[in-house]
Amino acid sequence: MAGSSGPHDDVPTTGHEWDGITEFNKPLPRWWLWTFYATVIWSIGYWVAMPAWPLIEGHTRGVLGYSQRAIVAEQLADSRAEQAHYLQRIVEAPLEEIRTDPELLSFALAGGRSAFAVNCSQCHGSGAEGSVGYPNLNDDDWLWGGSLEDIAYTIRHGVRNESDEDARFNEMPSYGRDELLEPAQIEAVVRYTMSLSSAGGAAAGEGAAIFAEECAICHGEDGKGIMELGAPNLTDAIWLYGGDYESIRAQVENARGGVMPNWGDRLPPETVKQLAIYVHSLGGGT
């Protein structure tokens, strides 16, 4: 402080003063200065030895020739080389053999989980729980079959797509839009359909007669569905587009049918197999 005496009276000042507080001009500790000088020297050495400065095109390479890209590329190449043996075995082995080989199964599940996250989770969800219009893959309700071969076929060829002539295909008529049924008939068959999955059982009457004539050919006389046709079971509590009155009526009036890509044209055979193994393992495979 200006005008007062103290232990720093012999230290020169910078001449600056704010609100009675004087700024000392005291040298930095020598250990700090030497540390600072050492870091400056180190940085110059780093600039020379390692990639450091950006240029108009590219950057300085450094005399050591170090490249993080090259290291990552080498690591990826090593990883691919290690995986190649397992991938070849997956290509050659039947699905059931993969499932019963613990080592190969572990590899297939890991690869399938990764491929699912990249290619399938956008529709089926990260946990494969599905959503309205997208099937839940964790339950035991399968539209086109839940065996390993059925799942692999569905993944490979897809559903109702125009890219693969072998795609799974079936269409539900739009009974309201195409005027195949009168509104009163639609209401009756919707009420009957809802009764199939209720504890009270199916109700007889006009709805039952319409169902037998119009719906049983795909869903079966008992309403339990036909997997070969992709027709869902109507007697359980699992609904693709919703099980309330309005949702079922909307489906009967103006039928919806989802489209799944044919992943066989997009993914290598070993990835399709890994996906089939992974989806089968989620809990609903047969």
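Model, not experiment: these values are computed from the prediction. (Residues numbered from 1 in each chain as written. Predicted model: local features only at pLDDT ≥ 70, side-chain atom pairs only at ≥ 80, totals over all residues. Heavy atoms only, no water.)

**Student:** Hey, could you run me through the domain arrangement of the protein chain in this one?
**Tutor:** How big an interface is tends to be stated in terms of the accessible area lost upon association of its parts. Domain boundaries assigned for the protein chain yield domain 1 (13-49), domain 2 (91-166 + 260-283) and domain 3 (183-253). Distance from the C-alpha centre of domain 1 to the C-alpha centre of domain 2: 64 Å. (Domains from an automatic or database assignment.)

**Student:** Teacher, can you tell me more about the packing of helix α6 (residues 148-157) against helix α10 (residues 269-281) here?
**Tutor:** In contact at an axis separation of 9 Å, α6 and α10 are set at 130° when each is read in the N-to-C sense. Relative to α10, the element α6 lies oblique. As α6 packs across α10, the resulting crossing turns out to be right-handed. Contact with α6, carried on its side by Leu148, Ile151, Ala152, Ile155 and Arg156, involves Val272, Leu275, Ala276, Ile277, Val279 and His280 of α10 and no other residues of that element. (Axes fitted to C-alpha atoms, helices over the stretch in contact; angles between N-to-C directions. Helix = DSSP H or I, 4+ residues; strand = E, 2+ residues; numbered from the N terminus. Parallel < 35°, antiparallel > 145°, perpendicular 65-115°, else oblique. Left-handed = near helix turned anticlockwise from the far one by under 90°. Contact = heavy atoms within 4.5 Å.)

**Student:** What is the right way to look at helix α7 (residues 183-196) in this model?
**Tutor:** Residue pairs spaced three or four apart in an α-helix point in one direction, given the helix's 3.6 residues per turn. Over its 14 residues, α7 runs 20 Å from end to end, which matches the ideal 20 Å to within 8%, given 1.5 Å per residue. Burial in α7 covers these residues: Ile186, Ala188, Val189, Val190, Tyr192, Thr193, Ser195 and Leu196. Turning to α7, the residues buried within the fold contact α8 (206-219) and α9 (245-253). (Expected span 1.5 Å × (residues − 1). Buried < 20%, exposed > 50% of the residue type's maximum accessible area, 1.4 Å probe, protein only.)

**Student:** I would appreciate a short explanation of the packing of helix α2 (residues 68-92) against helix α4 (residues 102-119) in the present structure.
**Tutor:** Working note: a packed helix pair is described by the angle between its axes plus the distance between those axes. Running from N to C, α2 and α4 point in directions that differ by 100°, and their axes come no closer than 10 Å. As judged from the angle between their axes, α2 and α4 are roughly perpendicular. Across from Gln83, Tyr86, Leu87, Arg89 and Ile90 in α2, the residues of α4 making contact are Glu103, Leu104, Phe107 and Ala108. Tallied by class, residues from the contact of α2 with α4 come to six nonpolar, one polar and two charged. (Nonpolar A, V, L, I, M, F, W, Y, C, P; charged D, E, K, R; others polar.)

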